[in-house]
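Survey of secondary and tertiary structure
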Amino acid sequence: MRQPLVAGNWKMHGSRAENASLVSGLLDLLQPGKRAEILLCPPFPYLMETGRLLKDSGVALGAQSVCAESQGAFTGEVSAAMLKDVGCRYVLVGHSERRQLFGERDALVARKFVAAQGQALVPVLCVGETLEEREGDQTTSVVSRQLEAVLAVTGVQALARAVIAYEPVWAIGTGRTASPEQAQEVHALLRGRLAAAGAADVRLLYGGSVKAANAASLFGMPDVDGGLVGGASLDAREF
């Protein structure tokens, strides 16, 4: 059985004081025997301190991105080995904001995926279409292309140590959310492709304006195994 995963992507938010308050509030609210795995992805400067705050809590630590290179003259970049060294277990790769705002193409995302797994980090591979692509009936081709770019480099066996997050770009930070049926349609497409390759048990998350009010209906879909949560992860009770 696939264990649900709910990941909080803090994006470029937070301070030492705010983070301590958020983590404390979250840990106070967690119920014993929680069914879902929980992951927090703070900005790079706060990884080590957040990891200390989460010590022995069972909540996993992840990063928001990773360099495709292992080391060298890459000013401003952070390697997978560094993330591992400060306690990360997960890392997001190919988030739509990295693709859209920083020009990360499929080939680079695939290299980041490989770099993460090379340090035993679990990559959360993000895929999804823009509004223009959805309205142009290109959702299937876009999501398939983004997935296949990684499979072509790693082979399907690598996905046993990965998570995939479908995040329609048009629903991220806009307040618009894919309906449960729209989310399930794309998740079923992904599940079918993975099942055909022998990787049906890969966890598939939905991301895109997920909040307490819509989480139950989204997570109730048969192929949705949890969520990649943005703004709502900055409020302990909402998350």
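For the structure, check the block above.
All figures in this text were calculated on a predicted structure; none of them were measured in a lab.

**So, the nonpolar core**
Counting 54 residues, the largest nonpolar core has Leu83, Leu190 and Tyr206 as its most contacted members. Excluding residues within four positions of it along the chain, leucine 190 makes contact with Val127, Val143, Leu147, Ile164, Tyr166 and Leu204.

**Focus on unusual backbone geometry**
If a residue is not glycine, its phi is most likely negative; likewise, a peptide bond is most likely trans. The backbone phi angle of aspartate 137 is positive, close to 60°, even though this residue is not glycine. Mapped onto the elements, aspartate 137 comes out in the loop between α6 (131–135) and α7 (139–154).

**Quick look at the pairing of strand β6 (residues 163–166)**
Residues of β6 alternate between two faces, with Val163 and Ala165 on one and Ile164 and Tyr166 on the opposite face, all of them buried. Across four bridges, β6 lies against strand β7 (residues 203–207) in parallel orientation. Note on β7: the bridge partner recorded for tyrosine 166 is tyrosine 206. With helix α8 (residues 180–196) bridging β6 and its parallel neighbour β7, the resulting β-α-β unit is right-handed.

**So, the environment of glutamate 18**
You can see glutamate 18 is positioned in helix α1 (residues 16–29). Given a relative accessible area of 49%, glutamate 18 falls into the partly exposed group. Sequence separation of glutamate 18 and leucine 234 is 216 residues, and the distance between their C-alpha atoms is 9.3 Å.

Each value, and the rule that gives it
- Residues numbered from 1 in each chain as written.
- Predicted model: local features only at pLDDT ≥ 70, side-chain atom pairs only at ≥ 80, totals over all residues.
- Heavy atoms only, no water.
- Core = buried A, V, L, I, M, F, W, Y, C linked by side-chain atoms within 4.5 Å.
- Buried < 20%, exposed > 50% of the residue type's maximum accessible area, 1.4 Å probe, protein only.
- Contact = heavy atoms within 4.5 Å.
- Helix = DSSP H or I, 4+ residues; strand = E, 2+ residues; numbered from the N terminus.
- Pairing = 2+ DSSP bridges.
- Right-handed = clockwise from strand over helix to strand, strands pointing away.

By themselves, these figures tell us nothing about what the structure is for.
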